[in-house]
Amino acid sequence: MPWNEAEPDDPMTLEGVFVPADAGAIRRMAVVFAEEYARMGFGRGELLSVFHNPFYSGAHRALLDLGEAEVVQIVEEAVSTVGVRVRNIEADQAPHPCCPPDVASRCHGCG
Amino acid sequence: MPNVWNWQLGREMDYPYEGAYPRQQFAFVFNINRCIACQSCTMACKSTWTFSKGQEQMWWANVETKPFGGYPQHWDMKILKMLDEADPEGQAWDKEGVGHPKSPYGRFAGKTIFEAAKRTLKPDSARVLGYLPSDEEWNSPNLYEDNPVGEKGRKGEFHPTGERLPTHNTWFFYLARICNHCSYPACLAACPRQAIYKRPEDGIVLINQQECRGYRKCVEACPYKKSMYRGNTRVSEKCVACYPRVEGRDPESGGRPLETRCMAACIGHVRMQGLVKLNSDGTWAEDRYHPLYYLVHVAKVALPLYPQLGTGPNGFYIPPRWAPRPYLRQMFGPGVDEAIERYSNPDRELLAVLQLFRRSNQIIDRYAIEPGAKVWEAESNGIVRELYNDVVIAFGHDGKELFRTTVEEPLHVRDPKHANSI
């Protein structure tokens, strides 16, 4: 495919679009970051390192905006509420049947 | 123009035809919070329905990145701008009747695409405000989305120190879309040949390929741009809601109604589709233990996409809880704040119903919950969160049990030897 430099009046050129967010949006986003990673098993240290690492630009932006203290609070809350807890652990790798027995033989999910 | 009741707007609305409602309505709920834009749905649809010559740019199902992305590009911004120009500063909601089943989101005080057409379009025969996207807007379903472009002029290379570039004011989420099989389809309203019809048995909207002459009025009118023109056959095509599956005629189904291909392929447990019962005025009949009825009308966590357009879309979305609220209110209407609050702090029943997503390919007609033991409790922001390991049971259209599952999912530990293999 030929590669042409975009011309200035090309309507299909990617342009940075800033869509303003309301005041609480950054904090809400940070809470979701923290909770999602906490659910996956990240501890306090690992979670904080995500916010400190500029490679994770969304989380890092939240740290710059909210400050260390607030992010620590968010992380603490996420780990203590939705973090990994004792739960049913099954070593059995057999897939769960997703269909009634008469349909299971035709279902890819049930194998 | 006749008046019809649009429950999503909480008021009567102009529509070119009298209201005519199916016995059941094809409907679906997408949970945006779970979508990672893997495009499994997109490819399931593509490989089933639109893999032929002339359909290369045709994606009945797609997932786009909001707020930047869109297929066709800028589809929603364009129609919203046209509506705003037709009714400057008037596109607002009031709280009249809010919470009532006939007006759950209040009353929309602005103009729909049918009402705005009367003010702006010439000739008078034009029925729906809309536009025809250009070829360029159709040709890249995910143009630039999620693709770092690297340094200018250096194709195929990431910026070597990209992670150290200034941070951006960025937020986004993924919006999965198919035809909404609307209660008041704009495509149907605009077709001069009456080639588009809504099936009385399930409300699926189809184009009669024998009758269509490819005038593209439906492409112009559908605000969601889910009617598409095929150049080599010179007729328009659209999502058919995998009707052989919904009818239970797919060989895999054993005669039971199956969810569509895009639903069944969703690995993220984002999607649930079903058939909801309707009242004679088009509102949803009370069906307390139907999962879609529960999510839309009881828990009120699932909201229609751009309800202000007036077509009565039957696709409902659980809004992303991290995105800025003004944008979400524009996209899903005034129910957004309540929906996110309930989804973020779910009660027992909502947690159980959320487990029904994608446990089976069969259409769920009813659910029941058997109480389980309390397995967890914690406090957050002064709110006590509890988790009960309830059992949720799904039943099919024939009343037979489809499956049962628990709220607390088992954690499977993969053998370290195969930790990263499939």
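Residues numbered from 1 in each chain as written. Chains lettered and ligands numbered in written order. Predicted model: local features only at pLDDT ≥ 70, side-chain atom pairs only at ≥ 80, totals over all residues. Heavy atoms only, no water.

### Concerning the overall build of chain B
What chain B contains, in helices and strands, is twelve helices and 20 strands. Taking 2.2 N^0.38 as the reference for a compact globule, 422 residues should give roughly 22 Å; the C-alpha atoms of chain B span a radius of gyration of 22 Å, in line with that estimate. Referenced to the eigenvectors of the C-alpha coordinate spread, the extents of chain B come out at roughly 65 × 60 × 50 Å. Sequence separation of 24 or more characterises 64% of the internal contacts of chain B that already satisfy a separation of 6 or more. (Helix = DSSP H or I, 4+ residues; strand = E, 2+ residues; numbered from the N terminus. Rg over C-alpha atoms; globule rule 2.2 N^0.38 Å. Contact = heavy atoms within 4.5 Å.)

### Here we look at the overall build of chain A
When helices and strands are counted, chain A shows five helices and one strand. Overall, chain A shows an N-to-C arrangement of helices and strands of α-α-α-α-β-α. Expressed as a percentage of the 111 residues in chain A, the buried residues total 31%. For chain A, the share of sequence-separated contacts (at least 6 apart) that also reach a separation of at least 24 residues comes to 50%. Here chain A displays about 7,000 Å² of accessible surface, and carbon together with sulfur accounts for 59% of that area. (Buried < 20%, exposed > 50% of the residue type's maximum accessible area, 1.4 Å probe, protein only. Areas by Shrake-Rupley, 256 points an atom, 1.4 Å probe, with all protein chains shown as cover.)

### As for the nonpolar core
The biggest cluster of nonpolar side chains holds 141 residues, and the ones touching the most others in it are Phe51(A), Phe173(B), Trp284(B) and Phe332(B). In this view, Phe51(A) contacts Ala30(A), Phe33(A), Ala34(A), Ala59(A), His60(A), Ala62(A), Leu63(A), Val71(A) and Val75(A); residues no more than four positions away in its chain are not counted. (Core = buried A, V, L, I, M, F, W, Y, C linked by side-chain atoms within 4.5 Å.)

### Describing the sheet that holds strand β12 (residues 271–277) of chain B
Residue and element names in this part refer to chain B. Strand order in the open sheet formed by four strands is β12-β3-β14-β13, with mixed pairing between adjacent strands. On the outer flanks of this sheet lie β12 and β13 (303–304), each paired with one strand and no other. Judged from the two bridges that link them, β13 and strand β14 (residues 315–318) form a sheet pairing that is antiparallel. Each residue of the ladder has a partner; that of Pro-304, found in β14, is Phe-316. (Pairing = 2+ DSSP bridges.)

### Side note on the pairing of strand β18 (residues 391–395) of chain B
Residue and element names in this part refer to chain B. Summarising burial for β18: five of the five residues are buried, a large majority. The alternating pattern of β18 places Val-391, Ile-393 and Phe-395 and Val-392 and Ala-394 on opposite faces, both of which are buried. Strand direction decides the pairing type here: strand β15 (residues 366–370) and β18, joined by five bridges, are antiparallel. Each bridged residue has a counterpart across the sheet, and for Glu-370 the counterpart in β18 is Val-391. Where β18 lies against strand β19 (residues 401–406), five bridges are found, and the strand directions are antiparallel. Within β19, the residue paired with Ile-393 across the bridge is Arg-404. The hairpin turn running from β18 into β19, its antiparallel successor, is five residues long, and Gly-399 in that turn takes a positive phi close to 85°.

### Focus on unusual backbone geometry
Residue and element names in this part refer to chain B. Going from Lys-66 to Pro-67, the amide bond is cis rather than trans, its omega being 10°. Mapped onto the elements, Pro-67 comes out in the loop between β4 (62–66) and α2 (75–86). Cis geometry is found at the peptide bond from Tyr-71 to Pro-72, where omega equals -5°. Within the element layout of this structure, Pro-72 appears in the loop between β4 and α2. With phi around 45°, Tyr-306 is a residue other than glycine that occupies positive phi space. Counting through the fold element by element, Tyr-306 comes out in the loop between β13 and β14. Using a relative accessible area of 1% as the deciding quantity, one classes Tyr-306 as buried.

### A short note on the packing of aromatic side chains
Evaluated as defined, the whole model comprises 23 aromatic pairs over all chains. Seen in terms of ring centroids, Tyr37(A) and Phe42(A) are 5.0 Å apart; in terms of plane orientation they differ by 50°. Their pairing is tilted. For Phe42(A), a relative accessible area of 27% translates into the label partly exposed. Measuring from centroid to centroid gives 6.0 Å for Tyr21(B) and Tyr184(B), while their planes differ by 85°, and the two rings are edge-to-face. Of the two residues, Tyr21(B) is situated in the loop between β2 (11–14) and β3 (24–31) and Tyr184(B) in the loop between β7 (173–177) and α5 (186–190); the sequence distance between them amounts to 163 residues. (Phe/Tyr/Trp six-rings, centres within 6.5 Å; stacked < 30°, edge-to-face > 60°.)

### Describing the sheet that holds β15(B)
What holds strands together in a sheet is hydrogen bonding between their backbones, with the strands either parallel or antiparallel. All names here are of chain B. Spatially, three strands are ordered β15-β18-β19 in an open sheet, and the strand pairing comes out antiparallel. Pairing within the sheet leaves two strands with one partner each, and these edge strands are β15 and β19. Geometrically, the sheet is characterised by an average inter-axis angle of 20° between neighbouring strands, direction not taken into account. (Axes fitted to C-alpha atoms, helices over the stretch in contact; angles between N-to-C directions.)

### Regarding the packing of helix α3 (residues 57–66) of chain A against helix α4 (residues 68–82) of chain A
Residue and element names in this part refer to chain A. Packing of α3 against α4 leaves a shortest axis separation of 6 Å and a crossing angle of 125°. Taken together, the axis directions place α3 and α4 in an arrangement best described as oblique. In this structure, α3 uses Ala-62, Leu-63 and Leu-66 to contact α4, whose residues at the interface are Glu-68, Glu-70, Val-71 and Ile-74. (Parallel < 35°, antiparallel > 145°, perpendicular 65-115°, else oblique.)

### Here we look at the pairing of β14(B)
All names here are of chain B. Here β14 shows two buried faces, one formed by Gly-315 and Tyr-317 and the other by Phe-316 and Ile-318. Note: β3 against β14, four bridges, orientation parallel. Within β14, the residue paired with Phe-28 across the bridge is Gly-315.

### Focus: the pattern of salt bridges
Where charged atoms from two side chains of opposite charge come close, those side chains can pair. Across all of its chains, the model carries 36 salt bridges over all chains by this definition. We note a salt bridge from Arg230(B) to Glu237(B), for which the minimum N-O separation is 2.9 Å. There is no split in this pair, since Arg230(B) and Glu237(B) are both buried. The partner of Asp287(B) in a salt bridge is Lys277(B), and the shortest N-O contact between them spans 3.1 Å. Note that Asp287(B) is positioned in the loop between β12 and α9 (291–298) and Lys277(B) in strand β12, a separation of ten residues in sequence. Assessed through its relative accessible area of 35%, Lys277(B) is described here as partly exposed. Taken together, the salt bridges that share partners define one network made up of Glu35(A), Glu36(A), Arg39(A), Arg321(B) and Arg385(B). (Salt bridge = Lys/Arg side-chain N within 4 Å of Asp/Glu carboxyl O.)

### A short note on the environment of Tyr224(B)
Residues and elements named next belong to chain B. For Tyr-224, the location among the structural elements is in the loop between α6 (217–221) and β10 (227–230). Sequence separation of Tyr-224 and Leu-305 is 81 residues, and the distance between their C-alpha atoms is 9.2 Å. Ignoring anything within four residues of it in the chain, the contact list for Tyr-224 reads Trp-75, Arg-177, Asn-180, Cys-182, Leu-305, Tyr-306, Leu-309, Thr-311 and Pro-313.

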